[in-house]
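Observations on the three-dimensional arrangement
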Amino acid sequence: MKYILFNIITGLTLTILLCGCPMCDMSDPVDIMFVNNKSNRIIGVGIGLEYPDTIINDLKLTNYSLISPYSIRSIQSYHYTIEDFFEFNEVLQVFIFKFDIGNDLRPSEKTLLAYYEFTYEELRNHDWIVVYPEE
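Residues numbered from 1 in each chain as written. Predicted model: local features only at pLDDT ≥ 70, side-chain atom pairs only at ≥ 80, totals over all residues. Heavy atoms only, no water.

**Notes on the overall build of the chain**
Along the backbone of the chain there are three helices and seven strands. N-terminal to C-terminal, the α/β element order of the chain is α-β-β-β-β-α-β-β-α-β. Expressed as a percentage of contacts within the chain between residues at least 6 apart in sequence, the contacts between residues at least 24 apart total 67%. Summed over its atoms, the accessible surface of the chain is roughly 9,100 Å², and 58% of this surface lies on carbon and sulfur atoms. (Helix = DSSP H or I, 4+ residues; strand = E, 2+ residues; numbered from the N terminus. Contact = heavy atoms within 4.5 Å. Areas by Shrake-Rupley, 256 points an atom, 1.4 Å probe, with all protein chains shown as cover.)

**Examining the pattern of salt bridges**
When their charged atoms lie close together, side chains carrying opposite charge are able to pair. One pass over the structure, following the stated rule, counts one salt bridge. Linking Arg124 and Glu121 is a salt bridge whose minimum nitrogen-to-oxygen distance equals 2.5 Å. Placement of both Arg124 and Glu121 in helix 3 (residues 120–125) is noted, with a separation of three residues, approximately one turn of the helix. Relative accessible area serves as the criterion here: at 37%, Arg124 is assigned to the partly exposed category. Residue classification places Glu121 among the partly exposed positions, given a relative accessible area of 40%. (Salt bridge = Lys/Arg side-chain N within 4 Å of Asp/Glu carboxyl O. Buried < 20%, exposed > 50% of the residue type's maximum accessible area, 1.4 Å probe, protein only.)

**What about the nonpolar core?**
Counting residues in hydrophobic clusters, the biggest one holds 20 residues, and the most contacted among them are Met33, Val45, Leu92, Val94, Ile96, Tyr116 and Val130. For this core, the secondary structure elements donating two or more residues are strand 1 (30–37), strand 2 (43–48), helix 2 (82–88), strand 5 (92–98), strand 6 (112–118) and strand 7 (129–132). Beyond its immediate sequence surroundings of up to four residues, Ile96 is in contact with Ile43, Gly44, Val45, Thr111, Leu112, Leu113, Ala114, Tyr116 and Tyr132. (Core = buried A, V, L, I, M, F, W, Y, C linked by side-chain atoms within 4.5 Å.)

**A look at the pairing of strand 7**
Burial along strand 7 is one-sided: Val130 and Tyr132 are buried, and none of Ile129 and Val131, which face the opposite way, are. Direction of pairing for strand 1 relative to strand 7: parallel, over a ladder of four bridges. In the sheet register, Asn37 faces strand 7, and the bridge partner there is Tyr132. (Pairing = 2+ DSSP bridges.)

**Brief notes about the pairing of strand 5**
In terms of burial, strand 5 is a largely internal element, six of the seven residues being buried. Of the strand pairs in this sheet, strand 2 and strand 5 are connected by six bridges, and their pairing is antiparallel. Pairing of Ile47 across the sheet is with Val94, part of strand 5. For strand 5 and strand 6, the ladder comprises six bridges, and the chain directions are antiparallel. Note on strand 6: the bridge partner recorded for Leu92 is Phe118.

**Digging into the sheet that holds strand 7**
Taken in spatial order, the three strands of this open sheet run 4-1-7, and their pairing is mixed. Edge strands, defined here as strands with exactly one partner in the open sheet, are strand 4 (71–77) and strand 7. Put simply, the sheet's adjacent strands are angled 25° from each other on average, direction ignored. (Axes fitted to C-alpha atoms, helices over the stretch in contact; angles between N-to-C directions.)

**Here's the deal with the packing of aromatic side chains**
Across all of its chains, the model carries seven aromatic pairs by this definition. Each ring, one from Tyr80 and one from Phe88, has its centre 5.4 Å from the other, and the planes form 80°; the classification is edge-to-face. Every member of this aromatic cluster is reached through a ring pair, and the members are Tyr80, Phe85 and Phe88. (Phe/Tyr/Trp six-rings, centres within 6.5 Å; stacked < 30°, edge-to-face > 60°.)

Below is the structure:
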């Protein structure tokens, strides 16, 4: 009996290790959109899912990323696709913050540089690219 139980536990353990734990999402991240930072400063970008609420705090922003000056960066998610984001709301909020090393680095109204709202169609028409500052 002990031998059978040992084989069952060993088999389950090997299955989870080799196939991946269904409870753990260790898959590759998915590109949500791209942000083109055309400014000369480091910016922080956060996605808001509580449209039309525009109150800024750490709990309401997701996928917060830093982007170097004059560069394009992918905003990625391990859990959601772009379609998933639009299932939460018809409008996706994109918040751009200034990022100054040595100051309070948390996103806030005081550090907000730009705010954008996109429908799925609008973001698709922009080729999934948000440009800061707007041209």
